[in-house]
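Here is what each chain is made of, one letter per residue.
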Amino acid sequence: MRKQTNMQEVKALARSFLMFDPEPTELSPLVVKHPFTDSGIVGIRTPDGEYAIGNIMENSEDLQVWRKQVSRQIDSADSVMQIAYMLTNSYSIGFLKYVQSYLDKTDFSQLLGYLWVCTEAPNSDPNLSKIQMLNLFRKADPAVLMDETELQQFRQLEDLVTVYRGVTSHNADNVKALSWTLDRNKAAWFAHRFGEDGTVYEAQIPKQHIWALLNSR
């Protein structure tokens, strides 16, 4: 872990992600996969300064203009988090995997907490295994990873904690994941969302094996 975050390297990595080709989906160009946009229809600024709608899937000039715009946003960022806010959820954990070596402990811990919460399925992200993800939490500063309220609640946990996890047919093979909740009703919500008749699992976990308590979602 660096003593000070190297923002030049962080921005260079972000620009590398920007150069990824947008991946089409069944709903293209409306819906695509890319580190900096979920849609192939984007706002661009024309040479005369007017705003227009661009199609980065079907018009190479629009793609070039859009990339230049996003690149300027990356260059003007004052912090790692400003760049993180620009990323789409599908690529967030991948960005964390490669950017961590450029970060100090504070920026790393803040980024890890934010991306874990905002990413839809971090437990099954192909970029980091569960062991690798767990090692990231072990390296983080709890006082930055959690806010004051979360940290206080974490410290007040009993030595043996009852936790719950709701799964559906989509993630039934991923019961032993890292995400659990103290609220059985919340686990039930996850088990039954999307109209699924899922299952709620209950476990008792020694507090020493709990690395973070995150309530922002």
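In what follows, the structure referred to is the one given above.
Residues numbered from 1 in each chain as written. Predicted model: local features only at pLDDT ≥ 70, side-chain atom pairs only at ≥ 80, totals over all residues. Heavy atoms only, no water.

Of the voids in this model, the largest pocket is the one considered here, and its volume is about 1600 Å³. Along its surface, the largest pocket is lined by 46 residues, and Trp116, Leu178, Ser179, Trp180 and Thr181 are the ones closest to its centre. Going through the elements one at a time, helix H5 (105-118), helix H6 (130-139), strand E5 (160-167), helix H9 (184-192) and strand E6 (199-206) are the ones with two or more residues in the lining of the largest pocket. When residues of the lining of the largest pocket are assigned to their parent elements, the largest contribution, five residues, is made by E5. For the lining of the largest pocket, the per-class residue count stands at 25 nonpolar, 13 polar and eight charged. Of the volumes computed, that of the second largest pocket is approximately 150 Å³. Gly113, Tyr114, Val144, Leu145 and Glu150 are the residues nearest the centre of the second largest pocket, which is lined by 13 residues in total. Those elements that provide at least two residues to the lining of the second largest pocket are H5 and helix H7 (142-145). The element contributing the most residues to the lining of the second largest pocket is H5, with four residues. Broken down by class, the residue content of the lining of the second largest pocket amounts to eight nonpolar, three polar and two charged. (1 Å grid on protein atoms, 1.4 Å probe; cavity = no way out; pocket = protein on both sides within 12 Å on 5 of 7 lines; lining within 4 Å. Points joined across faces, edges and corners; volume = space filled by probe spheres on them. Helix = DSSP H or I, 4+ residues; strand = E, 2+ residues; numbered from the N terminus. Nonpolar A, V, L, I, M, F, W, Y, C, P; charged D, E, K, R; others polar.)

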